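Close look at the chain arrangement
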There are 2 protein chains.
Amino acid sequence: MNDNTISNLSVDCVIFGFDSEKLNVLLLERKLEAENGETVFCDHTLVGHHVRVGETLDESAARILEETTGLSNIYLEQFYTFGNPDRLKKPRAKLWLESIGRNPEERVISVGYFSLVNVNSVHVSYTERHASWFNLNEIEDLGFDHKEILNKALEALQTKIKTNPLAFELLPQKFTLSHLQKIYEVVLGIEIDKRNFRKKVSQVPYIVPLKEKQQKVSHKPAQLYMFSRDIFEATKKKDFNFSF
Amino acid sequence: MNDNTISNLSVDCVIFGFDSEKLNVLLLERKLEAENGETVFCDHTLVGHHVRVGETLDESAARILEETTGLSNIYLEQFYTFGNPDRLKKPRAKLWLESIGRNPEERVISVGYFSLVNVNSVHVSYTERHASWFNLNEIEDLGFDHKEILNKALEALQTKIKTNPLAFELLPQKFTLSHLQKIYEVVLGIEIDKRNFRKKVSQVPYIVPLKEKQQKVSHKPAQLYMFSRDIFEATKKKDFNFSF
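Not measured: the values here are computed from a predicted model.

1. Considering the nonpolar core
If you look at the biggest cluster of nonpolar residues, it comprises 93 residues, and the most contacted ones within it are Cys 13, Val 14 and Ala 61 of chain A together with Cys 13, Val 14 and Ala 61 of chain B. Apart from the residues within four sequence positions on either side, Cys 13 of chain B is in contact with Leu 46, Val 47, Gly 48, Ala 61, Ile 64, Leu 65, Leu 76, Tyr 113 and Ser 115 of chain B.

Right, dumping it as structure tokens:
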């Protein structure tokens, strides 16, 4: 390969998509040419590629994401680096690497990034590789060591959402508490008691109730809330809690 | 360099050491040979080296740590990877890389690991490179981009100690609450109100008061406590709290 990339360094992006009901992951479909010339399905992988000479890891992640999916300017966070010498040694991975001119014996280190987006607010553009959303709970196996990367990304996302106001990135400016609760349930994979959740929210100064209700809904309109970053910054806990 | 290592991949270990009073970091002293043949001080760096062919990143971190300091079997956790193309371009870094036969123009990716140990329970052995403890608050600059790596490691350690029972790794089996409080104060860089802290501890089921007191102390002996991992695992919170 002579494409101005570093042959033993790649970036893989785990793009989590929330669709109001469940958590999805953006995957690419990989195909191989069979002996009879037909293109056959090989496996699914995360969105990733090699890092270019002269580009930072963050720049690389943003570029790879935009090239493959058309998504730009979305939150991306580095979470872990995968460097097992055997990570590309699955039989189908070898076939596929050979088919694109990479040496399957070369040890490639992959730096993992994750992101969390609302699937309704982004447009996944299809380039030469087909990218689409898959229900996280239905993903059984992936190419290379990408299932391991996905599992580690989910852990990192769960820690992040428990320790940072990340959930609000996924909500419109004015939101209902049911919507907020659903994000925590879907990301943490737990059921949260509605009354308990509302009691907790009422003690959080930066989740502000508005004098407004939902409009144009068939059910009883729910109260709207907003997240105030100003209040969040001003009241951030400097004290320590045993919250684990 | 022909030492069976991957030339563009290294591991750097940030070893935090708690000494009952403050947080320290283990640093190496780097020296250069001056024109007159004298060996002069160059700068301090973290403990790090290149990854060997065939070795996982975790194995590499453990090996580097043991080779340089004699420390083995200690908790090490990967936290971030540093890959800025300019990270080795400081003038003194170039001089030093040339002096050991490395190409200063080569872009090296470094995978960061951190650890937290009790300085009194470990023996830092001196190998050809002098390793010693430095007060975290007094470290101004380091070689390469190691100050940035150190800052990022401290952030990772703070998140980890807030979300996991890491503090207990540093304590003897039976400890006082003053000792536990000090660990949180030193790592988080905050002052914690003693009464508040004790009130919180009394609500935590896995910090168990014992029917024992300190012995052989000049002041009034304090009550001893223990951390029960059994109780911790059985009562781990599956619910969600706005604890940020």
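2. Quick word on the relation of the copies chain A and chain B
Under the fitted operation, chain A is carried onto chain B by 0.0 Å of movement along the axis and a turn of 180°, and the coordinates agree to an RMSD of 0.0 Å. Seen this way, the second copy is the image of the first under a two-fold rotation axis. Most of the interface of chain A is mirrored in chain B, where 100% of its interface residues are also at the interface.

3. Notes on the interface of chain A and chain B
Across the boundary between the two partners, chain A contributes 31 residues, which contact 31 residues of chain B. Partitioned by chemical class, the residues of the side of chain A that touches chain B number 15 nonpolar, eleven polar and five charged.

4. As for the domain arrangement of chain A
Residues and elements named next belong to chain A. Segmenting chain A into domains produces domain 1 (5–163) and domain 2 (166–235). Centre-to-centre separation of domain 1 and domain 2, based on C-alpha positions: 31 Å. In this assembly, eleven residues from domain 1 lie in contact with nine residues from domain 2. Every element with two or more residues in the side of domain 1 that touches domain 2 is listed here: strand 6 (109–118) and helix 3 (146–163). By residue number, the principal contributor to the side of domain 1 that touches domain 2 is helix 3, which donates four residues. Its residues assigned to classes, the side of domain 1 that touches domain 2 shows six nonpolar, three polar and two charged.

Cut-offs applied
- Residues numbered from 1 in each chain as written.
- Chains lettered and ligands numbered in written order.
- Predicted model: local features only at pLDDT ≥ 70, side-chain atom pairs only at ≥ 80, totals over all residues.
- Core = buried A, V, L, I, M, F, W, Y, C linked by C-beta atoms within 7 Å.
- Buried ≥ 20, exposed ≤ 12 C-beta atoms within 10 Å, placed from the backbone.
- Contact = placed C-beta atoms within 7 Å.
- Least-squares fit on C-alpha atoms with pLDDT ≥ 70 in both.
- Nonpolar A, V, L, I, M, F, W, Y, C, P; charged D, E, K, R; others polar.
- Domains from an automatic or database assignment.
- Helix = DSSP H or I, 4+ residues; strand = E, 2+ residues; numbered from the N terminus.

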